[in-house]
Amino acid sequence: MDWCVQRPTEYFSLYWNSTKLGDPTNAMAFFTSDGGLILGLSVVNDPQRWLLELNTHMGGISSFIGFEEAPPSTVREFLREAASRDEKGLSRE
């Protein structure tokens, strides 16, 4: 992680697998090419609750729920994607 922090314009992804059964199954950190950080969790049950928990504990300013999709590579793209979702963080499509 120090490597990523020292290179704020490098896009880099980190993944952790849970060693326990149940949610969350994975945690992710995506360092964006514009110096931002996107955090994510993989869950099976109650994604809205996990989204709220992640935002509460990490001080998130924007969020959404995605399904098997690559994260945006910049903060601007992330904010645009989050704004396109409904109030529960789900795609409007």
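Residues numbered from 1 in each chain as written. Predicted model: local features only at pLDDT ≥ 70, side-chain atom pairs only at ≥ 80, totals over all residues. Heavy atoms only, no water.

**Some points on the nonpolar core**
Buried together is how nonpolar side chains tend to be arranged in soluble globular proteins. Let me state the cut-off plainly: In this description, a nonpolar core means a group of buried Ala, Val, Leu, Ile, Met, Phe, Trp, Tyr and Cys residues linked to one another through side-chain atoms lying within 4.5 Å. Burial classes follow relative accessibility: with a 1.4 Å probe on protein chains only, a residue under 20% of its type's maximum area counts as buried, one over 50% as exposed, and anything between as partly exposed. Secondary structure is summarised from DSSP: a helix means a run of H or I of at least four residues, a strand means a run of E of at least two, and numbering begins at the N terminus for each. Any pair of residues with heavy atoms lying within 4.5 Å of one another is described as a contacting pair.
Counting residues in each nonpolar core, the largest one holds 6 residues, listed as Met28, Phe30, Ile38, Phe64, Phe78 and Ala82. Of all elements in the fold, only strand 2 (26–31) and helix 3 (75–83) reach the threshold of two or more residues within this core. For Met28, the contacting residues outside a window of four places in its chain are Leu14, Tyr15, Trp16, Ile38, Leu39, Gly40, Leu41 and Ser42.

**A few points about the sheet that holds strand 1 (residues 12–17)**
The following threshold applies: Here a strand pair is declared whenever DSSP counts at least two bridges between the two strands. Angles here are taken between N-to-C directions and fall from 0 to 180 degrees, while the axes themselves are lines fitted to C-alpha atoms, restricted in helices to the stretch in contact.
Strand order across the open sheet formed by 3 strands is 1-2-3, with antiparallel pairing between neighbours. The open sheet terminates on both sides in strands that have one partner only, identified here as strand 1 and strand 3 (37–42). Between one strand axis and the next, the sheet turns by 15° as a mean value, whatever way the strands run. In this structure, strand 1 lies alongside strand 2, joined through 6 bridges in antiparallel fashion. By the bridge assignment for strand 2, Trp16 is matched with Ala27.

**Considering the pairing of strand 3**
In the sheet, strand 2 pairs with strand 3 via 6 bridges, with the strands oriented antiparallel. Along strand 3, the bridge assignment pairs Ala29 with Leu39. Linking two consecutive strands that pair antiparallel, namely strand 2 and strand 3, is a turn of 5 residues; a positive phi of about 90° is found at Gly35 within it.

**Considering the side chain of Thr74**
The condition that has to hold: Each polar contact in these results corresponds to two N or O atoms within 3.5 Å; when the atoms are within protein, one needs to be able to donate a hydrogen and the other to accept it, and residues that are neighboring in sequence are counted only if both atoms are side-chain atoms.
The residue Thr74 is located in the loop between helix 2 (47–58) and helix 3 in this model. Relative accessible area serves as the criterion here: at 16%, Thr74 is assigned to the buried category. At 3.1 Å, the side chain of Thr74 and the backbone nitrogen of Glu77 are in polar contact. Dropping the residues within four chain positions of it, Thr74 is found in contact with Thr32, Ser33 and Asp34.

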